[in-house]
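Working through the structure, step by step
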Amino acid sequence: MKTNTGLIKNFEISVGKIVDDSWTEPMGPTPMPTMSTLRDWDMKLLNRYKPFYMPDCDLCCLCTFGKCDLTGGKRGACGIDMASQSSRIVLLACCIGAATHTAHTRHMLHYLVEKYGSRYPLDIGGLNIKVEAPITRLVCGIKPETLGDLEEVLDYAEKEITQCLAAAHTGQEGNNLDFESKAFHVGMIDHIGMEIGDIAQVSTLGFPKAEPEAPLAAMGIGTVDTTKPVIMAIGHNVIPSVGIIDYMKDNDLAEKLEVVGLCCTAHDITRYFNRGRIIGPISWQLRFIRGGFADVVVLDEQCVRTDAFDEARRVHAPVIAASEKNCMGFKNRTNDPVDEIVADLVSGKAPGVLILDPEKVGEVAVKVARQVAPIRKKFKNLPELEEIKKQSKTCTHCNMCQRSCPQDLKIPKAIKAAAEGSMTELNDLYESCIGCGRCEEACPVKLSIHSFIMKAGEKQMMEEKNFCRVGRGAVQDVEIRNVGSPIVLGEIPGILAVVGCSNYPKGGKDVYDICREFANRRYIVVTSGCAAMTAGSYKNAEGKTLYEEFPGEFAAGGVLNVGSCVANSHIAGAAIKVANIFAKRPLRGNYEEIADYIYNRVGAVGLAWGAYSQKAAAIAAGFWRLGVPVLVGPHGAKYRRMLLGREDKKEDWEVYDARTGDKVNVGPVPEHLFQTVETKEEAMVTIAKLCLRPNDTWKGRSIKLSHYVDLHKRLYGILPQDLHLFVRTMADVPPTLKDEFTKILEEKDWKETVIPDPTLLPRMIRKMKE
Amino acid sequence: MSCEPWQCAEISATKKANAIQKPEVAVALIKKAKRPILIVGSNAAERCIEDKPLIDFLIDLANASKVQVVATAHMVGEFLKRGYQPAGFMSAMDIGNRLVDPDWQGIDGKGPHDLALFVALPYYMEALILTGLMHFAPDLKTMSLDNMYHPHASWSFPNMTLEEWAKNFKVMTSKFEGEQ
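Residues numbered from 1 in each chain as written. Chains lettered and ligands numbered in written order. Predicted model: local features only at pLDDT ≥ 70, side-chain atom pairs only at ≥ 80, totals over all residues.

Here we take up the domain arrangement of chain A. Accessible area lost when the parts come together is the quantity often used to give the size of an interface. All names here are of chain A. Taken domain by domain, chain A consists of domain 1 (39-205), domain 2 (221-372), domain 3 (385-447) and domain 4 (466-763). Domain 3 and domain 4 are separated by 40 Å when their C-alpha centres are compared. Contacts between the two partners involve five residues from domain 3, matched on the other side by seven residues from domain 4. Residue classes in the side of domain 3 that touches domain 4 are distributed as two nonpolar, two polar and one charged. (Domains from an automatic or database assignment. Contact = placed C-beta atoms within 7 Å. Nonpolar A, V, L, I, M, F, W, Y, C, P; charged D, E, K, R; others polar.)

Residues and elements named next belong to chain A. Taken together, the eight strands give an open sheet; going across it, the order is β3-β19-β22-β18-β17-β14-β15-β16, and neighbouring strands pair in mixed fashion. The open sheet has two free edges, formed respectively by β3 (50-53) and β16 (559-561), since each of these has just one partner strand. Neighbour-to-neighbour, the strand axes of this sheet turn through a mean angle of 25°, independent of strand direction. By the bridge criterion, three bridges tie strand β17 (residues 604-608) to strand β18 (residues 630-632) in an arrangement that is parallel. Bridging from a neighbouring strand, Gly606 pairs with Val630 of β18. (Pairing = 2+ DSSP bridges. Helix = DSSP H or I, 4+ residues; strand = E, 2+ residues; numbered from the N terminus. Axes fitted to C-alpha atoms, helices over the stretch in contact; angles between N-to-C directions.)

With that out of the way, let us pick up the sheet that holds strand β21 (residues 663-665) of chain A. Residue and element names in this part refer to chain A. Pairing is antiparallel across the open sheet formed by three strands, whose spatial order is β21-β20-β23. A strand with exactly one partner marks an edge of an open sheet, and here the two such strands are β21 and β23 (758-759). In this sheet, β23 lies alongside strand β20 (residues 654-657) in antiparallel orientation, the contact comprising two bridges. In the sheet register, Tyr656 faces β23, and the bridge partner there is Thr759.

Our focus in this paragraph is the interface of chain A and chain B. On the side of chain B, 34 residues touch chain A, which itself brings 33 residues to the contact. For the side of chain A that touches chain B, the elements supplying multiple residues, two or more each, are β3, α13 (400-404), β19 (641-644), β22 (672-676), α26 (680-690) and α27 (698-716) of chain A. Class assignment for the residues of the side of chain A that touches chain B results in 17 nonpolar, seven polar and nine charged.

Once that is clear, we can look at the nonpolar core. Residue and element names in this part refer to chain A. Ranked by size, the top nonpolar core spans 320 residues in total, and within it Val297, Val298 and Val498 carry the most contacts. It is helix α2 (residues 82-116) that contributes the most residues to this core, 15 residues altogether. Leaving out residues up to four positions away in the same chain, Val498 has contacts with Val511, Ile514, Cys515, Val525, Thr527, Ala531, Ala535, Leu607 and Trp609. (Core = buried A, V, L, I, M, F, W, Y, C linked by C-beta atoms within 7 Å. Buried ≥ 20, exposed ≤ 12 C-beta atoms within 10 Å, placed from the backbone.)

Residues and elements named next belong to chain A. In terms of burial, strand β8 (residues 258-262) is largely enclosed, as five of its five residues are buried. Neither face of β8 is exposed, since Glu258, Val260 and Leu262 on one face and Val259 and Gly261 on the opposite face are all buried. For the segment spanning strand β7 (residues 230-234), helix α6 (residues 239-250) and β8, crossover handedness is right-handed. Across three bridges, β8 lies against strand β9 (residues 277-280) in parallel orientation. Residue Gly261 lies in a different strand from β9, and its bridge partner there is Ile278. (Right-handed = clockwise from strand over helix to strand, strands pointing away.)

Residues and elements named next belong to chain A. Positionally, Arg370 belongs in helix α11 (residues 358-372). Owing to 19 C-beta atoms within 10 Å, Arg370 belongs among the partly exposed residues under this scheme. Through-space distance from the C-alpha of Arg370 to that of Pro444 is 39 Å; in sequence the pair is 74 residues apart.

Turning our attention to the packing of α2(A) against helix α25 (residues 614-625) of chain A. Residues and elements named next belong to chain A. The contact between α2 and α25 brings their axes to 7 Å, and the two run at 95°. As judged from the angle between their axes, α2 and α25 are roughly perpendicular. Facing Ala93, Cys94, Ile96, Gly97, Ala98, Thr100 and His101 of α2, the residues of α25 in contact are Gln614, Lys615, Ala616, Ala617, Ala618, Ile619 and Ala621. (Parallel < 35°, antiparallel > 145°, perpendicular 65-115°, else oblique.)

Glancing now at the environment of A:Ser528. Residues and elements named next belong to chain A. With respect to the helices and strands, the residue Ser528 is situated in the loop between β15 (524-527) and α21 (529-535). Given 30 C-beta atoms within 10 Å, Ser528 falls into the buried group. Among all residues touching Ser528, those that are not within four sequence positions of it are Val499, Asn561, Val562, Gly563, Ala567, Asn568 and Ile571.

In this section: the pairing of strand β5 (residues 68-71) of chain B. Residues and elements named next belong to chain B. Strand direction decides the pairing type here: strand β2 (residues 36-40) and β5, joined by four bridges, are parallel. Among the inter-strand pairings, Val40 is bridged to a residue of β5, identified as Ala71. When β5 meets strand β6 (residues 88-89), the two strands line up parallel, connected through two bridges. Looking at β6, one finds that Val70 is bridged to Gly88. You can see the chain leave β5, run along helix α3 (residues 75-81) and come back into β6, and the turn it takes is right-handed.

Attention shifts here to unusual backbone geometry. Generally, phi is negative for residues other than glycine and the peptide bonds are trans, each holding for most cases. Residues and elements named next belong to chain A. In this chain, Gly66 is followed by Lys67 through a cis amide linkage whose omega measures 10°. Locating Lys67 in the fold gives a position in the loop between β4 (59-60) and β5 (68-69). Here the residue pair Val669 and Pro670 is connected by a cis peptide bond, since its omega of -15° sits within 30 degrees of zero. Its identity as a non-glycine residue notwithstanding, His397 has a phi of 55°, on the positive side. Checked against the element boundaries, His397 lands in the loop between α12 (385-392) and α13.

Next up on the list: the packing of helix α1 (residues 39-48) of chain A against helix α5 (residues 176-205) of chain A. Residues and elements named next belong to chain A. Two elements in contact, α1 and α5, have axes whose closest approach is 9 Å; the angle formed by their N-to-C orientations is 115°. Classed by the angle they form, the pair α1 and α5 counts as roughly perpendicular. Where α1 crosses over α5, the two elements pack in a sense that is right-handed. In this structure, α1 contributes Arg39, Asp42, Met43 and Leu46 to the contact, and α5 contributes Leu177, Glu180, Ser181 and Phe184. Its residues assigned to classes, the contact of α1 with α5 comprises four nonpolar, one polar and three charged. (Left-handed = near helix turned anticlockwise from the far one by under 90°.)

All names here are of chain A. Of all eleven residues that make up α26, eleven are buried, and the element is covered over most of its length. Inspection of α26 places Lys680, Glu681, Glu682, Ala683, Met684, Val685, Thr686, Ile687, Ala688, Lys689 and Leu690 among the buried residues, and these make up the whole buried set. Contacts from the buried residues of α26 go to β14 (495-498), α20 (509-520), β17, β18, β22 and α27.

All names here are of chain A. Over its twelve residues, α20 runs 16 Å from end to end, which matches the ideal 16 Å to within 8%, given 1.5 Å per residue. Within the sequence span of α20, burial applies to Asp510, Val511, Tyr512, Ile514, Cys515, Glu517, Phe518 and Ala519. Following α20 by one or two positions, Arg522 adopts a phi angle in the positive range, close to 70°. (Expected span 1.5 Å × (residues − 1).)

Spelled out as structure tokens, the structure:
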């Protein structure tokens, strides 16, 4: 560098990032928190909702000192006890989940930045959305404006996931509650990973932008025109499917092929392409591949059956793996000429290939599908009824199919009936079967039991013609303004988020029934992921699906699908926006105050009726830290740890009254932070109860209690016995139930109390009493 | 009768439930307990034995043995419909969580329970609750009355046919009735 005063040799300037701090909101106390920053907040929750551990394994097998027997209070070679080991497994699950969403987002963002540039502006709802990234603003203190801004946020998320994962190494953390706190932390990070992923794809790919009236997408196997070549995409990363759809559009083939999706990729296909079809949730994977409907199977990432290739090969469907995370053992053909790859797939010389270029995936998939479709024999892949009868006669009645079935389905009885010529019992299993295929793995005579069930249920399968509302993305700021007050005051009785996977205990109808019940009761019902598909898979008496029956607004009585897994962030985002937009609580780097607000005021409950994955664990953990209770269906017990309050311990339920600093007992609201429920009926009653919040006005509490009592009486056949815990003044009592309440209140020696301005944070107290 | 976990992967590790080969043994164990409690899950109204709902067998047993019943999920209504008043009702997770608390004074407030009998929960849920109790409720014994072997209990009936199961309930009930 040469100046008037001299010459400096070997002088370099590097500009890493120019900080544009035009966001005038002052920075809050905890921007970019590390895993101990919010520990005090976590402990407030964890001391109220203590873990109940149900270890799936008596041992720890994670290091070579082991295996260590941790039964009977014994500690392992490293000194760990069973409570800490159990919470360590929870942390590991949440780390896997957060890493999966964040890695998906990183992969997608890298692609989008390359394609659109780092200065590409974010837009997830135009003028309807000012708070574009509520979780990112809250946690990181960053207001992202461009795709490039998101990378910094992901850098932080990746660092924190690594830190949390490191804490699970042998000889690091040793206290169970600290493990739990770290699980909360990585859950919060998971929400960041999801939020960044969805706002990146919504901004760039033309998805609906916070649209209440997003269109309806056709859903179900029966909606697929199998006279056309069918390309089926499975997984969560829509980018390869975008490559397919773009190629079709560019070559005037948009009407000539069917592009269908399973699991979250399906949601995002329909957000991108109005002719895209949703086949169904993750559990339909085996059905659709084995049914031979797909001419080409494209695998991206997450929730893909690891035997998808073997299954596709059985029906002569070529497979394209499109993700580095899921190479399937295929040769990497990314740099080979398209026509060579197509020729190898069509001829069967290469039954599967790895292609890591989404545009090339698109061209190859379309060309292969068009060539393969005429020569594949569709619909001939399931056994004929006579064949089922014949094969069923070889059954040895060992019961291993039933004993391997997660649902304990009475398969032996159905096989016996099939051997005698009746397919009715097999057909009866169709609805409850989750399509895992464990029955076949266990069968000593190798009966294709899942195929038998599919064949017996074929008519039902082909009649699956439903609608799912296309994932709308975020909730508009104006919607938040409209409902903020009635939510916080309790007049809208609650927000029910029905999310997660499809490991349902008795088929998907429960999900539909629960959503419909609460939509009819004027709760706000939000759906996402596989649960959103299942919610749309049944019809009312007028033949309407849930999404046709109810509006898609974030309003009382609305049923709105936010989209794929990563769109779950918009549900947390909506709760955060209630605190920020409606209540004007500062957002920037101000996690604890916002979580305290949501916990005490926003009557939201998550229900993951069929949750199965580590991602679902991480999503739940993010909600726990925000103070939102989560329910799981019976299979969710396998997460092995619940966070349960004790309504019988009065001392656990004190809050500060922010007006005076007085401690006020508000009763067990919400009673639990994470709970498994056993039946649909129990889920409904529990949802109504978990929507109670300390801040409810008397009018709001009265409305919420009337729903709780009504559901309890109808489904349990008895008045709830814990009503005295929820009534603060007689004004809380629903007027029509005064006599019944009065009797219980008298029996329980109930005393009137005050309705505080509730907080768990001493620093939020405005004026301490003299 | 097999003493393998009914769901094959639900294997135990270092401990395995003692098998109850005769219903008389179960009766003796229940009688020996000072504060037994019977936890009845949601399958009680769905499962039938000899064309009779399982819950009817359980009510007979509860009446004869005087063991207090806690109904989980929505089962309280099924009991009430049949004229039986359970001692309490709560979620399966809640009763599990209370049983690991040594200070919990029981469903009637008269002291901690020393034996928890489980029946009719989904197999995997019951297995998990039993393992939680095995690890974190050292002073509590557990018993499964299902017809599916539960390795995480202290005592469990083996896998058995519906006929054998019905017979066991009848024998147990009659043994308790005989004492009255």
